[in-house]
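Coordinates in review
One letter stands for each residue in the lines below.
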Amino acid sequence: WINGEETLIISSSSATCHVMKHSHYVSRFGSKLGLQCIGMNENGIIFNSNPSLWKVIRPFFNRALSGPGLIQTTEHSLKSTERFLAKLSDVTDQLGNVNVLKLMRLIIFDTSNNLFLRIPTDENEIVLKIQKYFEAWETLILKPDIFFKFSWLYKKYEKSANDLKKVVEILIEQKRQELSSSDKLEEHLDFASELIFAQNRGVLTAENVNQSIVEMLIAAPDTMSVSLYFMLTLIAQHPKTEEMIMDEIHAVVGDREVQSSDMPNLKVLENFIYESMRYQP
């Protein structure tokens with residue numbers, strides 16, 4: 001439902017291109033009221049339907065997701081994985097069953113935080129708030145306008161979105177204090193610090209900074225965690241594939257830690273990842 005009307009979504013590339021290029025398709029990103037509830041209306045990057053603001057935000061994401069930042073991902077992923085595997089009992093029930101999806105979410109969120117924000121957090125608390133944020137997103141994104149005339153229908157979802165934004169607001173303030181008291185700013189430069197400096201210059205609003213950091217932190221703990229969960233499930237179902245992957249890792253990496261430069265040589269693993277994402281996108 002878009003603007004109270006049942007709407008057919010056509011997925012051909014030419015139709016999508018047409019809709020995106022013409023401004024009179026005002027709801028091409030879903031319900032405006034729904035986006036307002038979760039903070040994405042003309043904020044952040046994922047569903048920001050204001051092209052001029054979106055263009056201002058985009059370079060910050062581009063820089064964070066390329067170059068030196070991308071190279072650091074392997075190192076941070078290793079550290080986060082080792083950290084949470086050492087605390088595996090925290091996600092293991094009395095029968096010895098591991099909550100693998102939660103484990104993946106904790107690892108991926110910690111990796112994202114170390115790449116883009118670098119402020120100590122309670123990962124369990126934030127991962128739970130991220131899950132509730134996504135529930136709100138899924139519930140509100142395509143609701144007809146009449147849905148928002150009844151506050152009892154959407155208030156709990158709006159609260160879930162606000163709860164996450166409030167936590168991130170506190171983390172941003174901690175980051176701001178860290179920047180203001182540092183003698184070597186270059187040691188603290190990352191995605192969050194660049195956004196804070198842009199706000200100080202009047203380029204971005206506080207709301208846009210908050211939403212951009214929210215979106216950077218929530219993106220991988222949902223998408224990548226679910227993808228990894230299905231990969232591990234598929235490995236468990238195909239022991240011969242697991243054996244091939246492990247043989248390749250031992251041959252290429254040996255006893256040392258994996259490095260970014262190893263990736264081009266892990267062809268069996270790469271093919272497995274692609275096939276997993278094709279099979280369970």
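Calculation notes
- Residues numbered from 1 in each chain as written.
- Predicted model: local features only at pLDDT ≥ 70, side-chain atom pairs only at ≥ 80, totals over all residues.
- Heavy atoms only, no water.
- UniProt positions renumbered as here; feature names shortened; annotations may be inferred.
- Helix = DSSP H or I, 4+ residues; strand = E, 2+ residues; numbered from the N terminus.
- Rg over C-alpha atoms; globule rule 2.2 N^0.38 Å.
- Domains from an automatic or database assignment.
- Contact = heavy atoms within 4.5 Å.
- Buried area = accessible area lost by both parts, 1.4 Å probe.
- Polar contact = N/O pair within 3.5 Å; in protein donor to acceptor, adjacent residues only side chain to side chain.
- Nonpolar A, V, L, I, M, F, W, Y, C, P; charged D, E, K, R; others polar.
- Axes fitted to C-alpha atoms, helices over the stretch in contact; angles between N-to-C directions.
- Parallel < 35°, antiparallel > 145°, perpendicular 65-115°, else oblique.
- Phe/Tyr/Trp six-rings, centres within 6.5 Å; stacked < 30°, edge-to-face > 60°.
- Buried < 20%, exposed > 50% of the residue type's maximum accessible area, 1.4 Å probe, protein only.
- Lys NZ or Arg CZ within 6 Å of the ring centre and 35° of its normal.

In the annotation of an unreviewed UniProt entry, the entry for the protein reads Cytochrome p450 aromatase, and the organism field reads Lithobates sylvaticus. What UniProt states about the protein under its Cofactor (unreviewed entry) heading is, verbatim, "heme".

This part takes up the overall build of the protein. Scanning the protein from N- to C-terminus turns up 11 helices and 0 strands. Its helices and strands taken in sequence order, the protein reads α-α-α-α-α-α-α-α-α-α-α from the N to the C terminus. Whereas a compact globule of 281 residues would reach a radius of gyration of roughly 19 Å, the protein reaches 21 Å, a difference of no more than 12%. For the protein, the spread of C-alpha atoms along the principal axes amounts to about 60 × 50 × 45 Å.

Under the domain assignment used here, the protein contains domain 1 (31–221) and domain 2 (238–280). Each of domain 1 and domain 2 was reduced to a C-alpha centroid, and the two centroids are 29 Å apart. Each side of the interface is counted separately: domain 1 has 4 residues, and domain 2 has 5 residues. Considering only the side of domain 1, the residues that lose the most area to domain 2 are Thr-74, Leu-78 and Glu-82, jointly responsible for 91% of the buried surface there. At the junction of domain 1 and domain 2, the tally comes to 2 residue pairs in polar contact (both at pLDDT 80 or more). Taken together, the residues that form the side of domain 1 that touches domain 2 break down as 2 nonpolar, 1 polar and 1 charged.

Turning our eyes to something else, we now look at the packing of helix α9 (residues 206–237) against helix α10 (residues 239–252). At a minimum axis distance of 5 Å, the contact between α9 and α10 shows a crossing angle of 110°. By the angle class used here, α9 and α10 are roughly perpendicular. Only Pro-239, Glu-242 and Ile-245 of α10 make contact with α9, whose side of the interface consists of Ile-235, Ala-236 and Gln-237. Taken together, the residues of the contact of α9 with α10 sort by class into 4 nonpolar, 1 polar and 1 charged.

The final tally for this structure, using the stated rule, is 8 aromatic pairs. Judged by centre distance (6.5 Å) and plane angle (80°), the rings of Tyr-133 and Trp-137 are edge-to-face. Placement of the pair is Tyr-133 and Trp-137 together in helix α6 (residues 123–140), with a separation of 4 residues, close to one helical turn. You can call Trp-137 buried: its relative accessible area is 13%. Taking the ring centre of Phe-60 as reference, the NZ or CZ of Arg-63 above it sits at 5.1 Å.

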